[in-house]
Amino acid sequence: MQIHLDHEQSEPLVWQEVLGLRPQDIDPVTLLDVSEVRCSGRLDLADPGFRLQMEIAYEQTLSCIRCLSETRAPVRTETELMILPGSDAPDAAASERELLADELSVLYVAGETLETEALVVDQMIFEIPMKPLCRPECLGLCPNCGTDRNSEPNCCDAGASKVSRWAELASLRDQFQNESRQTQGKNDG
């Protein structure tokens, strides 16, 4: 949705929208699926710009970093920003500098149009956990056989005959060591 910023606005602008975003529009690596995104917001005139309050709600599906199972989590987040239209933005190319605390909640908009979908996507990116878990006590995958230890906690301890993931490399190592001994024996004799 596009909001035209009008300095003559005397009444707050209230809106609601539903966005159908794809995971690849947000984070194609981490996000597996996303539901419809319900947005609501309010834009008030606040000298020198506008005060934006926005709430978004949706469900996201991620892959657990320990057991790789899909986990679906509801998200509801609120944000408040100061919107400053025009070209008053600090010149980022001029110098790199640390942002001050009061600059983190300011959004500079070139021109007089605010695109809400870009704001929603930015907020959704903030809501993706760095290390998603299906649950805090997730046991992960067995390092020997790759079984999900949440469903079979004693998979390799129960005496099941599982092939070690390193067995193939160990046999290659043994083969190369034997060939090396044979070659060295011929060179010594």
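Every value quoted in this text rests on a predicted model; they were computed, and no experiment measured them.

Procedures and definitions
- Residues numbered from 1 in each chain as written.
- Predicted model: local features only at pLDDT ≥ 70, side-chain atom pairs only at ≥ 80, totals over all residues.
- Heavy atoms only, no water.
- Helix = DSSP H or I, 4+ residues; strand = E, 2+ residues; numbered from the N terminus.
- Buried < 20%, exposed > 50% of the residue type's maximum accessible area, 1.4 Å probe, protein only.
- Contact = heavy atoms within 4.5 Å.
- Patch = residues over 30% accessible without salt bridge, like charges linked within 9 Å, V, L, I, M, F, W, Y side chains within 5 Å.
- Areas by Shrake-Rupley, 256 points an atom, 1.4 Å probe, with all protein chains shown as cover.
- Salt bridge = Lys/Arg side-chain N within 4 Å of Asp/Glu carboxyl O.
- Core = buried A, V, L, I, M, F, W, Y, C linked by side-chain atoms within 4.5 Å.
- pLDDT = per-residue confidence, 0-100.
- Pairing = 2+ DSSP bridges.

1. Considerations on the overall build of the chain
Across its full length, the chain holds 3 helices and 8 strands. Counting from the amino terminus, helix and strand elements in the chain follow one another as β-β-α-β-β-β-β-β-β-α-α. Within the span of the chain, comprising 189 residues, buried residues form 28% of the whole. Long-range pairs, those at least 24 residues apart, make up 59% of the contacts in the chain between residues at least 6 apart in sequence.

2. Observations concerning the side chain of Gln-123
Along the polypeptide, Gln-123 turns up in helix H2 (residues 116-126). Classification of Gln-123 as buried rests on a relative accessible area of 13%. Excluding residues within four positions of it along the chain, Gln-123 makes contact with Met-54, Ile-56 and Thr-79.

3. Side note on a nonpolar patch on the surface
Taken together, the side chains of Trp-166, Leu-169, Leu-172 and Phe-176 make up a nonpolar region of the molecular surface, amounting to roughly 440 Å² of accessible area. Note that Leu-169 resides in helix H3 (residues 167-188).

4. Let's talk about the nonpolar core
Grouped together as the largest cluster of nonpolar side chains are 27 residues, with contacts concentrated most on Leu-21, Val-37, Ile-56, Ile-83, Val-120 and Met-124. Elements that contribute at least two residues to this core include exactly strand S2 (13-19), strand S3 (31-34), strand S4 (37-46), strand S5 (49-63), strand S6 (70-85) and H2. Setting aside chain neighbours within four positions, we find Ile-83 in contact with Leu-5, Leu-43, Gly-49, Phe-50, Leu-52, Leu-107, Val-109 and Leu-114.

5. Some points on the confidence of the model for the chain
Across the chain, the average pLDDT comes to 83, with 85% of residues at 70 or higher. The element-level mean pLDDT for the chain is lowest in strand S1 (residues 2-4), coming to 78, with S3 highest at 94. Here residues 158-162 scores under 50 on pLDDT; set against residues more than four positions off or in separate chains, the count is 3 contacts.

6. Structural notes on the pattern of salt bridges
Evaluation of the coordinates by the stated rule reveals 9 salt bridges. One salt bridge in this structure joins Arg-22 and Asp-25, with 3.0 Å as the shortest N-O distance. As a salt-bridge pair, Glu-36 and Arg-38 come within 3.6 Å of each other at their nearest N and O atoms. The exposure class assigned to Glu-36 is partly exposed, which follows from its relative accessible area of 48%. Residues joined by salt bridges that share partners form a network here, namely Asp-33, Glu-59 and Arg-72.

7. Quick look at the pairing of S5
Along any regular strand, the residues point their side chains to alternate faces of the sheet. Strand direction decides the pairing type here: S3 and S5, joined by 3 bridges, are antiparallel. Pairing of Asp-33 across the sheet is with Thr-61, part of S5. When S4 meets S5, the two strands line up antiparallel, connected through 9 bridges. When the sheet's bridge partners are listed, Leu-43 is paired in S5 with Leu-52. The loop that links S4 with its antiparallel partner S5 comprises 2 residues. Bridge count for S5 against S6 is 14 bridges, and the pairing is antiparallel. Its bridge partner being in S6, Leu-52 is matched across the sheet by Leu-81. Between the end of S5 and the start of S6, which pair antiparallel, lie 6 residues, with Leu-68 showing a positive phi angle near 70°.

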